[in-house]
Structures are given as C-alpha cells and as structure tokens.
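# Structural overview
Here's the letter readout for the chains.
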Amino acid sequence: MSSTTELEGLLKEREQLTRTLQAIVNEEKYLGQELRIVQEKIAVAELREKIKAKRAVVEQLRYKVTELKKRLNAHSLKVRQNVASSGGQQPKPKYPQVQVQETR
C-alpha cells in the first residue's frame, strides 16, 4: 500500500469517526434533555397526587368541622330550651352532692 493510499484511508476513517462522535454527542444532548423532561413530568405527577390527597384530607376535615358545629349548635339549642322550660333555673343534679372534708 502506498503512503498516499494509506493517508486517504486514514482521512476517510477520521471523517467517519468524527461523524460518529458528533452523532453520539447529539444523542447525548437529546437524551439529557429527555431525561430532564421525564424527571419533571414525574415531579409534576407526584405533586398532583400530593395535592389530590391533601384536598381529600382538607375536605374530610371540613366535613367533620361542619358536623361538629351542627352538633354543638343542636346541643346549645337543647340547653337553652331546657333552661327556658325550667324557668331559668339550673337543672338539679341527678345525684345528691356530697361535701368532702380534707383530712390531714
């Protein structure tokens, strides 16, 4: 093989390897961007799930607060009605009151 032919072969190989390297660099760049996109999509999906779960918890708490307020209002109304029907007097205790003396 002559040195001219050898040089031409090496130049062609170098050109081919340069194109291959550039293709790999381009793929690396693309995959890096694709990786970041997929990671962000996962982060967004996880945040959506957390928000959905927190909204459900908040909704349950709202429901419980509403129900307890209804119970409180019903109880307060019942106490007011009992006081009004007894002429404004305090209801008598069910059990007799016992006075306790301290002993030393």
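As shown above, the structure is provided for reference.
Reference entry: report on the structure contained in this document. (Residues numbered from 1 in each chain as written. Predicted model: local features only at pLDDT ≥ 70, side-chain atom pairs only at ≥ 80, totals over all residues. Heavy atoms only, no water.)

## Looking at the overall build of the chain
A count of helices and strands for the chain gives one helix and zero strands. Across the 104 residues of the chain, 0% fall into the buried class. As displayed, the chain offers around 11,000 Å² of accessible surface, 57% of which is attributable to carbon and sulfur atoms. (Helix = DSSP H or I, 4+ residues; strand = E, 2+ residues; numbered from the N terminus. Buried < 20%, exposed > 50% of the residue type's maximum accessible area, 1.4 Å probe, protein only. Areas by Shrake-Rupley, 256 points an atom, 1.4 Å probe, with all protein chains shown as cover.)

## What to know about the pattern of salt bridges
Evaluation of the coordinates by the stated rule reveals three salt bridges. Close ionic contact of Arg62 with Glu59 constitutes a salt bridge, the shortest N to O distance being 3.6 Å. A residue pair is termed a helical-turn pair when its members lie 3 or 4 positions apart in one helix, as Arg62 and Glu59 do in helix 1 (residues 3-85) at three residues. Look at Glu59 and you get partly exposed, because its relative accessible area is 46%. Its salt-bridge partner being Lys70, residue Glu67 comes within 3.5 Å of it at the nearest N-O pair. Taken as a pair, Glu67 and Lys70 lie in helix 1 at a separation of three residues, close to a single helical turn. Overall, Glu67 belongs to the partly exposed group, its relative accessible area being 28%. (Salt bridge = Lys/Arg side-chain N within 4 Å of Asp/Glu carboxyl O.)

## A short note on the environment of Ser2
Within the secondary structure, Ser2 sits in the segment before helix 1. The exposure class of Ser2 is partly exposed, given its relative accessible area of 39%. Looking at Ser2, its side chain comes within polar contact range of the side chain of Thr5, at 2.9 Å. (Polar contact = N/O pair within 3.5 Å; in protein donor to acceptor, adjacent residues only side chain to side chain.)

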